[in-house]
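Spelled out from the first residue to the last, the chains are:
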Amino acid sequence: MTVGAVLTMRLYARVRRTNGSLKYMWLLLSGLIAGGTIWSTHFVAMIAYESPFILGYDLGLTVISLIVAVSGATAGLLISSVTRSSILIEVGGLVFGASIAVMHFIGIEAMKVSGILTVSMPYVFASVVLACVFGMLATNRVARPVTRYCKYGAVLSFILAVASLHFIAMAGVDVMPLRLDGSINDLVSNRLVGIAIVFTMSVLMLSAMITYSIDSANAQDADNKLHHVAHHDPMTGLPNRRALDRYLDARLSSITNDNARIVVMNCNLTRFKEVNEVLGYSGGDALLRHVAKCLSEHLEQGEFIARLSGDEFVIVGRPVYNRGYILEFCKRVQKLVSQPMSWRGKDIRVGCSVGYALYPDHGSGGVELLDAAERAMRRAKVEGGNAALCYDEDKDQQIRDRSALAMDLRNALKNDEFELYYQLQNDVGTRAVTGTEVLLRWNHPKRGKVPPSQFIPIAEENGLILEIGAWVLRTACHEAAGWSAPVKIAVNIAQVQLSDSKFPGFVERTLKRSGLDPARLELEITETGIIADTTHALQIIHQLKRLGVRIVMDDYGTGYSSLATLQAFPFDKIKIDREFVKDLGRNRQSDAIVKATIILAESLDIPVLAEGVETEEHLRLLAEQGCNEVQGFLFGQPMPASDIRFLVSGLAAERLEDNIPREAGKISLVSQVA
């Protein structure tokens, strides 16, 4: 009975966890086992009840009692399994217990005796009540567990339901003999009943155990597959981040020698983006599988590899006690990664940038070590040349700060943290104001003013430069349109803006909405911004020129600065970089570059503006060379919109007072500027 009770309760628990048609298959099996257990327990106990008055058992009623036990148990388990928490759970248990009682009394009726069989109703009532109570408790403990031991309570309740019903009910049974010998035809002897019980229950139990074992094996196999999927990368088959975290925790916790070191290496492929662009994603995926195979098959015992994401791999070395292994480990990994892959008749080869961290030097936990190794890898990528670098807190702090700045930059525009400053541009001979350059400033809530040299490269890397550049152009045009004097504004344009085919349309809409005269807008571009796709850049520039906008070549002398570029592009002005102006009069090379630029520009009839003019000596030397305009601290620091607005108002008032005709866009410099 115990085996049957255990199987029944486990199958019933499986019924509650299963949905669909499979649920009813498990229900039928659990009902068969439960009914068979109840029926066999009853008749085994009756066989053990020795009495000279028992003649045998009626075959029909015996079979009916088995059917009642199976159908009643199945019905009870069905009722209690259709709900998750309602009273039907206990109602099903009540039906289950009642089926035990019905089966018992049909079984008693099947027993033929030589006399009159009488039963005591108090015993009958008590046995039925206990069977129902324990039946309800059995289903309750499975459906409403409070501890992990409740499943054992359910088995015990099943046993008590059957045992209490049988033995208490039988205690109230009495046989009054009428004759000592006699016979009734068609009765089944105790021996035959015993054989039938053994055979029936053996088949049922064996079937249930085999079925349950097969299902458990399938479930375990499914769990193993799910576990593998959850802990391995589907493309390469390598362990993933979750498996790596578990491995690191186990490895670090097993270190008992204080002298042991664990190296955690982050390996990032170089030129992988180019491979994707040339070979397509299928080629890139093949390369990742190739690298994973080379690494996983040739690592030494005690080393572990995982793929985190993209082209990033992490390799954990074995415990070591000297630095020689670490250097050899890095070189070996880089050599394995560089193994060529044959792809459609071509050999594809990549390198890798490696960063590594050591336990316990750079972290006491897996997360810290992985973070440190990644930072070292990023520094190695910056240095280039397939470098292998160890984590250095001081050096990697710069990268950490840059990453934090990049995160803050994403919200800077939304939080209205940007501000435009304006630096004057002046005529060399008359010192009149000819225009202003628009300069972007970031008022960081914690860092204060962040210079453009820090955040502009970040914005270009993460794609924010388009949104920021659009804001700068809109804001500058609306600001300048409201000035009382027609001072020009010069706005720097990034390479990604110039490569956008929609940029000319955006400039046209901005000019119309702001009301700014296109002749007052200068767009400054660098040669590096047009060299990538000169044909497309030339088309964009011609579209901008047709709007009436002026195009300025910025930072002349720092890039290619080829004559062909000046000939091909219709520049309205050339700006000499401040790096050459600052050493004027002290450096022969700077003097020569500035002089050559001005002569070249004059021959092409292009005006020249020199940046970084800070002294009267700078101004004098540039005037002697024939420079047209200058920009620098000699004429004032960059100023916010409120100051430039006040200055322009003063210039307009002075112009009215002088009532002297001037060239469009050139206004004399008031005394406060000097």
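Residue positions are counted from 1 within each chain, in the order its sequence is given. Only residues with pLDDT of at least 70 get local features here, since the model is predicted, and only at 80 or more are side-chain atom pairs given and counted; chain-wide, interface and lining totals rely on the full set of residues. Values shown for side chains rest on all heavy atoms present in the structure; no hydrogens or waters enter the calculation.

Draft legend 1. View of the overall build of the protein chain. Strands are runs of DSSP state E lasting at least two residues, helices are runs of H or I lasting at least four, and both sets are numbered from the N terminus onward. The helix and strand tally for the protein chain stands at 23 helices and 22 strands. Only protein chains enter the accessibility calculation, which uses a 1.4 Å probe. A residue is then buried if its area is under 20% of the maximum for its type, exposed if over 50%, and partly exposed in between. The buried share of the protein chain, taken over its 674 residues, is 48%. Here, two residues are considered to be in contact whenever any of their heavy atoms come within 4.5 Å of each other. Considering only intrachain contacts with a sequence separation of at least 6, the fraction spanning at least 24 residues in the protein chain is 71%. In this description, accessible areas are obtained by the Shrake-Rupley approach with a 1.4 Å probe, and a residue is regarded as covered only by the protein chains that are shown. Per element, the accessible surface of the protein chain, about 33,100 Å² overall, is 56% carbon and sulfur.

Draft legend 2. View of the side chain of Asn240. Looking at the secondary structure, you find Asn240 in the loop between α7 (190-231) and α8 (241-253). Polar contacts involving the side chain of Asn240 include one to the main-chain amide nitrogen of Arg242, which spans 3.2 Å. Distance and chemistry together define a polar contact, namely a pair of N or O atoms within 3.5 Å, with one atom able to donate a hydrogen and the other to accept it when in protein, and with adjacent residues in sequence counting only for side-chain atoms on both sides.

Draft legend 3. Representation of the sheet that holds strand β12 (residues 388-390) in the model. Reading across the sheet, the 5 strands line up as β7-β8-β6-β11-β12 and stay open at both edges, with mixed pairing between neighbours. Bordering the open sheet on either side are β7 (304-309) and β12, each of which pairs with just one other strand. Each adjacent strand pair in this sheet contributes to an overall mean axis angle of 20°, direction not counted. Note: two strands are recorded as paired if DSSP finds a minimum of 2 bridges between them. Strand direction decides the pairing type here: strand β6 (residues 262-269) and strand β8 (residues 312-316), joined by 5 bridges, are antiparallel. In the strand pairing of β8, Asn268 is matched with Glu312. Only C-alpha atoms enter the line fits that serve as axes; for helices the fit covers just the stretch in contact. Angles between N-to-C directions range over 0 to 180 degrees. Its contacts with the sheet place helix α10 (residues 323-337) against β6, β8, β11 (352-359) and β12, and it is angled at close to 25° to β6. With respect to the sheet, helix α11 (residues 366-383) is in contact with β6, β8, β11 and β12, its orientation differing from that of β11 by roughly 145°.

Draft legend 4. Main features of the pattern of salt bridges. We count a salt bridge whenever a side-chain nitrogen from Lys or Arg sits within 4 Å of a carboxyl oxygen from Asp or Glu. For the coordinates displayed, the defined rule picks out 29 salt bridges. Between Arg271 and Glu274 there is a salt bridge, with its nearest N and O atoms 4.0 Å apart. Lys573 serves as the salt-bridge partner of Glu522, at 3.1 Å between the closest nitrogen and oxygen. Separated by 51 residues along the polypeptide, Glu522 in strand β17 (residues 521-526) and Lys573 in strand β19 (residues 573-576) bring together distant segments of the chain. Just as Glu522 is buried, Lys573 falls in that class too. Bridged by salt links that share partners, the residues Glu300, Glu303, Arg318, Glu328 and Arg332 form one connected network.

Draft legend 5. A look at the nonpolar core. Side-chain atoms within 4.5 Å are what join buried Ala, Val, Leu, Ile, Met, Phe, Trp, Tyr and Cys residues into a set we call a nonpolar core. By size, the foremost hydrophobic cluster in this structure holds 80 residues, and its most contacted members are Leu409, Ile489, Val491, Leu521 and Leu523. By residue number, the principal contributor to this core is helix α14 (residues 465-481), which donates 9 residues. What Ile489 contacts, discounting residues up to four positions off in sequence, is Thr436, Val438, Ala476, Cys477, Ala480, Trp483, Leu516, Arg520, Leu521 and Glu522. Counting 40 residues, the second-largest nonpolar core is a separate cluster that includes Ile33, Ala69, Leu77 and Val173.

Draft legend 6. Fine view of the packing of helix α3 (residues 59-81) against helix α4 (residues 88-110). At a minimum axis separation of 7 Å, α3 and α4 run at an interaxial angle of 175°. Between α3 and α4, the interaxial angle falls into the category roughly antiparallel. Note on residue classes: Ala, Val, Leu, Ile, Met, Phe, Trp, Tyr, Cys and Pro are nonpolar, Asp, Glu, Lys and Arg are charged, and everything else, Gly too, is polar. Taken together, the residues that form the contact of α3 with α4 break down as 17 nonpolar, 8 polar and 1 charged. Should an angle fall under 35 degrees it is taken as roughly parallel, and over 145 as roughly antiparallel, whereas 65 to 115 is taken as roughly perpendicular and any remaining angle as oblique.

Draft legend 7. Up close: the packing of aromatic side chains. Stacked, tilted and edge-to-face pairs are distinguished by plane angle, under 30 degrees for stacked and over 60 for edge-to-face with tilted covering the rest, among Phe, Tyr and Trp rings (Trp via its six-membered ring) whose centres lie within 6.5 Å. Inspection of the entire model under this criterion finds 10 aromatic pairs. On the numbers, 5.4 Å between centres and 45° between planes, the contact of Phe96 with Phe158 is tilted. Here the residue Phe96 occupies a position in helix α4, and Phe158 occupies one in helix α6 (residues 150-171), the gap between them amounting to 62 residues. Their ring planes at 50° and their centres at 6.1 Å tell us that Phe418 and Trp442 sit as a pair that is tilted. Residue Phe418 is found in strand β13 (residues 418-427), and its partner Trp442 is found in strand β14 (residues 433-444); the two are separated by 24 residues along the sequence. A relative accessible area of 6% means that Phe418 is categorised as buried. A relative accessible area of 0% places Trp442 in the buried class. In this structure an aromatic cluster arises from ring pairing among Phe418, Trp442, Phe455 and Trp471. When the NZ atom of lysine or the CZ atom of arginine is within 6 Å of a ring's centre and also within 35 degrees of its normal, the charge is said to sit over that ring. Between Arg441 and the ring centre of Tyr421, over which it is positioned, the NZ or CZ distance is 5.8 Å.

Draft legend 8. Highlighting the side chain of Arg520. Residue position: Arg520 is located in the loop between α16 (503-514) and β17. Here Asp and Glu are counted as negative and Lys and Arg as positive; His is not counted, and neither are the chain ends. Asp517 is the oppositely charged side chain nearest to the buried, salt-bridge-free Arg520, at an N-O distance of 6.4 Å. A polar side-chain atom of Arg520 sits 2.9 Å from the main-chain carbonyl oxygen of Ala480. Residues in contact with Arg520, not counting those within four places in the same chain, are Ala480, Ala481, Trp483, Ala485, Pro486, Val487, Lys488 and Ile489.

Draft legend 9. View of the environment of Glu479. In this structure, Glu479 sits in helix α14. Spatially, the C-alpha atom of Glu479 lies 8.5 Å from that of Arg645, the residues being 166 residues apart in sequence. When sequence neighbours within four positions are dropped, the list of residues in contact with Glu479 reads Tyr422, Ala641 and Arg645. A polar atom in the side chain of Glu479 sits 2.8 Å from the side chain of Trp483.

Draft legend 10. Geometry of the confidence of the model for the protein chain. Residues at a pLDDT of 70 or more form 85% of the protein chain, whose mean pLDDT is 83. What pLDDT conveys is the predictor's confidence in a given residue, as a value from 0 to 100. Taken as a whole, residues 662-674 scores under 50 in pLDDT and shows 38 contacts with residues more than four places along the chain or in a different chain.

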